[in-house]
Amino acid sequence: MPVPAVTRATPESNARQQTLPGWLVALLATSCGLTVANLYYAQPLLEMMRRTFQLQDSTAGLLITLTQLGYAVGMVFLVPLGDRIENSRLVSVLLTVTALAMAAGGLAPTFTVLLVAALVAGATSVVAQVLVPYVADLAPDHLRGAVVGKVMSGLLAGILLSRTVGSLLADVAGWRTVYLVSAALMAILALVLRRALPHRAPTSTDPYTVLLRSMARLIRVHPQLRRRSFYHACMFAAFSAFWTTISYVLTTAPYHYSQLQVGLFALVGAAGALVAPLAGRLADRGLAHRLTPVTCLLASATLIWAGLAAHRILVLAAAAVLLDCAVQCSLIFGQHTIYQLDADARARITGVYIATFFVGGAIGSQLGTLAHHVGNWTTVTLTAAAFPVIATLVWTTDRTHTRRKRRAADAV
């Protein structure tokens with residue numbers, strides 16, 4: 001059955017449209033999860049890769065750092081095309097390049113080749129962040145937070161389950177198989193989305209260079225974009241420090257876990273994805289600003305708890321779930337806020353937001369591996385816990401939310 005074209009949402013179309021088809025939301029959630037998983041497959045595999053290429057643990061951590069930096073680059077230079085190019089065509093091209101890069105990574109003869117492949121795959125895996133503003137644009141206003149929350153739950157499930165799937169595959173067939181299987185999935189996904197995605201009219205006809213310059217303008221004129229980007233950069237730095245180094249903890253004394261057991265531990269953290277729809281509903285009720293410091297302080301307290309109980313696996317598992325819940329809430333709160341800033345520039349706004357916090361993630365990954373190299377697990381968790389505390393301190397200086405409420409009251 002042919003898929004009808006869908007143009008950019010307007011107030012009139014939102015009034016008529018009560019909800020999006022369930023199959024489309026499920027497809028988008030699955031697509032986001034499969035695509036963003038490419039950024040995280042390597043996290044529990046670093047010890048295997050370190051042995052394959054005979055590396056120090058701090059050097060192996062560069063793979064995660066470069067992947068996240070590649071994603072940040074893609075957010076700046078590729079995601080803005082979502083406002084300029086018909087999305088189904090853009091998504092299929094990016095996924096094709098991702099498939100080729102992942103295949104190159106799986107066949108890489110040296111660690112340098114693997115790093116380059118990871119950089120390219122990271123940059124083109126921004127497909128997930130083309131699809132999120134796409135669904136936000138199609139969703140009716142009164143359900144946008146809930147719909148985006150469902151799609152984001154698929155994205156976070158991809159982040160968390162990727163570690164488990166990667167570990168299980170690597171335990172059976174080696175880490176290279178993980179990359180080759182992902183390459184095949186990306187090729188299939190490119191074909192499916194090319195045919196299944198409803199057409200969406202681009203929101204901008206500006207040249208590419210103008211779109212890039214407009215991102216600087218968006219940063220300048222929207223203080224909430226700057227703040228929400230910074231808040232989540234701090235949260236994602238803490239998140240990345242934890243998950244980049246946890247495999248080193250689990251594969252050494254007192255645990256000596258196998259790759260399979262590391263994957264099962266990562267599966268526990270996937271429970272954090274369940275909080276996404278709840279976070280979306282809380283954001284729809286206008287609670288995003290008020291709950292922001294709660295999520296930050298929860299993340300910091302959880303990391304400190306994990307650092308003090310490194311030899312108790314149940315504590316580490318509970319900490320993983322709580323940390324992932326806090327980070328997911330922060331992400332949803334931020335997206336709900338920034339998507340209200342400029343409906344015609346959602347892809348570019350998303351580019352700024354995600355690029356900023358992935359730079360934070362890259363910083364967290366590298367600092368986490370260095371902290372583990374020069375200290376121990378407690379050093380890692382204390383370093384990671386400092387980031388959300390910084391975000392909370394910056395939140396206390398936010399006066400834009402109060403001014404916005406005052407203007408809305410004056411308008412009434």
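Here goes a summary of the coordinates provided.

Rules used throughout
Residues numbered from 1 in each chain as written. Predicted model: local features only at pLDDT ≥ 70, side-chain atom pairs only at ≥ 80, totals over all residues. Heavy atoms only, no water. Helix = DSSP H or I, 4+ residues; strand = E, 2+ residues; numbered from the N terminus. Rg over C-alpha atoms; globule rule 2.2 N^0.38 Å. Buried < 20%, exposed > 50% of the residue type's maximum accessible area, 1.4 Å probe, protein only. Contact = heavy atoms within 4.5 Å. Areas by Shrake-Rupley, 256 points an atom, 1.4 Å probe, with all protein chains shown as cover. Lys, Arg positive; Asp, Glu negative; His and termini not counted. Charge placed at Lys NZ, Arg CZ, Asp CG, Glu CD. Salt bridge = Lys/Arg side-chain N within 4 Å of Asp/Glu carboxyl O. Phe/Tyr/Trp six-rings, centres within 6.5 Å; stacked < 30°, edge-to-face > 60°. Expected span 1.5 Å × (residues − 1). Patch = residues over 30% accessible without salt bridge, like charges linked within 9 Å, V, L, I, M, F, W, Y side chains within 5 Å. Axes fitted to C-alpha atoms, helices over the stretch in contact; angles between N-to-C directions. Parallel < 35°, antiparallel > 145°, perpendicular 65-115°, else oblique. Nonpolar A, V, L, I, M, F, W, Y, C, P; charged D, E, K, R; others polar. 1 Å grid on protein atoms, 1.4 Å probe; cavity = no way out; pocket = protein on both sides within 12 Å on 5 of 7 lines; lining within 4 Å. Points joined across faces, edges and corners; volume = space filled by probe spheres on them. Core = buried A, V, L, I, M, F, W, Y, C linked by side-chain atoms within 4.5 Å. Left-handed = near helix turned anticlockwise from the far one by under 90°.

## A word on the overall build of the protein
What the protein contains, in helices and strands, is 19 helices and zero strands. Taken over C-alpha atoms, the radius of gyration comes to 20 Å for the protein, in line with the 22 Å a tight globule of 412 residues would show. Across the 412 residues that make up the protein, the buried fraction comes to 59%. If you take every contact in the protein between residues at least 6 apart in sequence, the share linking residues at least 24 apart comes to 86%. In the form shown here, the protein has an accessible surface area of approximately 16100 Å², with 68% of it arising from carbon and sulfur atoms. Placing the 31 positive and 15 negative side-chain charges of the protein at their respective mean positions leaves the two points 3 Å apart.

## Some remarks on the pattern of salt bridges
The tally for this structure, following the rule as stated, stands at three salt bridges. The partner of glutamate 47 in a salt bridge is arginine 51, with the nearest N and O atoms 3.6 Å apart. Placement of both glutamate 47 and arginine 51 in helix α3 (residues 46-53) is noted, with a separation of four residues, approximately one turn of the helix. Classification of glutamate 47 as buried rests on a relative accessible area of 15%. Members of the salt-bridge network, linked through shared partners, are Glu47, Arg50 and Arg51.

## Looking at the side chain of serine 167
Checked against the element boundaries, serine 167 lands in helix α9 (residues 144-173). For serine 167, a relative accessible area of 0% translates into the label buried. If near-sequence neighbours (up to four positions away) are discounted, serine 167 is found in contact with Pro44, Leu45, Gln259, Val262 and Gly263.

## Observations regarding the packing of aromatic side chains
Counting across every chain of the model gives 13 aromatic pairs. Taking 4.8 Å as the distance between ring centres and 55 degrees as the angle between the ring planes, the aromatic pair formed by phenylalanine 236 and phenylalanine 358 counts as tilted. Taken together, the residues span a long stretch of sequence, with phenylalanine 236 in helix α12 (residues 223-250) and phenylalanine 358 in helix α17 (residues 346-374) at a distance of 122 residues. Each member of the pair phenylalanine 236 and phenylalanine 358 is classed as buried. Centre to centre, the rings of phenylalanine 242 and tryptophan 243 are 5.2 Å apart; their planes meet at 75 degrees, and the pair counts as edge-to-face.

## Considering helix α10 (residues 175-196)
Between its first and last C-alpha atoms α10 spans 32 Å; for 22 residues at 1.5 Å apiece the expected length is 32 Å, and the two agree. For α10, the full list of buried residues reads Trp175, Val178, Tyr179, Ser182, Ala183, Met186, Leu189, Ala190, Leu193 and Ala196.

## Description of a nonpolar patch on the surface
Side chains of Leu69, Leu119, Val359, Ile363, Leu367 and Leu370 sit close together on the surface and give an oily, nonpolar patch of about 430 Å² of accessible area. Looking at the nonpolar patch, the element that brings in the most residues is α17, giving four residues. Within the secondary structure layout, leucine 69 lies in helix α5 (residues 62-77). Look at leucine 69 and you get partly exposed, because its relative accessible area is 33%.

## What about the packing of α12 against helix α18 (residues 377-395)?
Interaxial distance between α12 and α18 falls to 9 Å at its minimum, and their mutual angle equals 170 degrees. Judged by the inter-axis angle, α12 sits roughly antiparallel to α18. Within the contact between the two elements, α12 uses Arg227, Phe230, Tyr231, Cys234, Met235, Ala237, Ala238, Ala241, Phe242, Thr245, Ile246 and Val249 and α18 uses Trp377, Val380, Ala384, Phe387, Pro388, Ile390, Ala391, Val394 and Trp395. Tallied by class, residues from the contact of α12 with α18 come to 19 nonpolar, one polar and one charged.

## A closer look at empty space enclosed by the protein
All told, the structure shown has three cavities of 30 Å³ or more when counted by the stated rule. Together, 15 residues line the largest cavity, and Leu155, Ile159, Phe236, Leu331 and Phe357 are the ones closest to its centre. The set of elements that each furnish at least two residues to the lining of the largest cavity consists of α9, α12, α16 (313-338) and α17. Its residues placed into classes, the lining of the largest cavity shows twelve nonpolar, three polar and no charged. The calculated volume of the second largest cavity comes to roughly 50 Å³.

## A short note on α16
End to end, α16 covers 38 Å across 26 residues, agreeing with the expected 38 Å (1.5 Å per residue, within 8%). Within α16, 21 of the 26 residues are buried, which leaves the element mostly enclosed by the surrounding structure.

## A word on unusual backbone geometry
Alanine 253 connects to proline 254 through a cis peptide bond whose omega is 5 degrees. In this fold, proline 254 is placed in the loop between α12 and α13 (259-269). The backbone of glutamine 54 shows a phi angle near 55 degrees, a positive value even though the residue is not glycine. Turning to its location among the elements, glutamine 54 is positioned in the loop between α3 and α4 (57-60).

## Brief notes about the nonpolar core
Ranked by internal contacts, the top residues of the largest apolar core, which has 107 residues, are Tyr71, Phe242, Ile246, Phe358 and Trp377. Sequence-distant contacts of phenylalanine 242, defined by excluding residues within four places in its chain, comprise Leu303, Ala306, Leu316, Ala320, Leu323 and Trp377. Counting residues in hydrophobic clusters, the runner-up holds 26 residues, among them Ala42, Phe111, Leu114 and Tyr248.

## Focus: the packing of α12 against α13
Close contact between α12 and α13 brings their axes to 10 Å; oriented N to C, the two are set at 140 degrees. With respect to α13, the axis of α12 lies oblique. In the packing of α12 onto α13, the handedness of the crossing is right-handed. Here Trp243, Ile246, Ser247 and Leu250 of α12 come into contact with α13, specifically with Val262, Phe265, Ala266 and Gly269.

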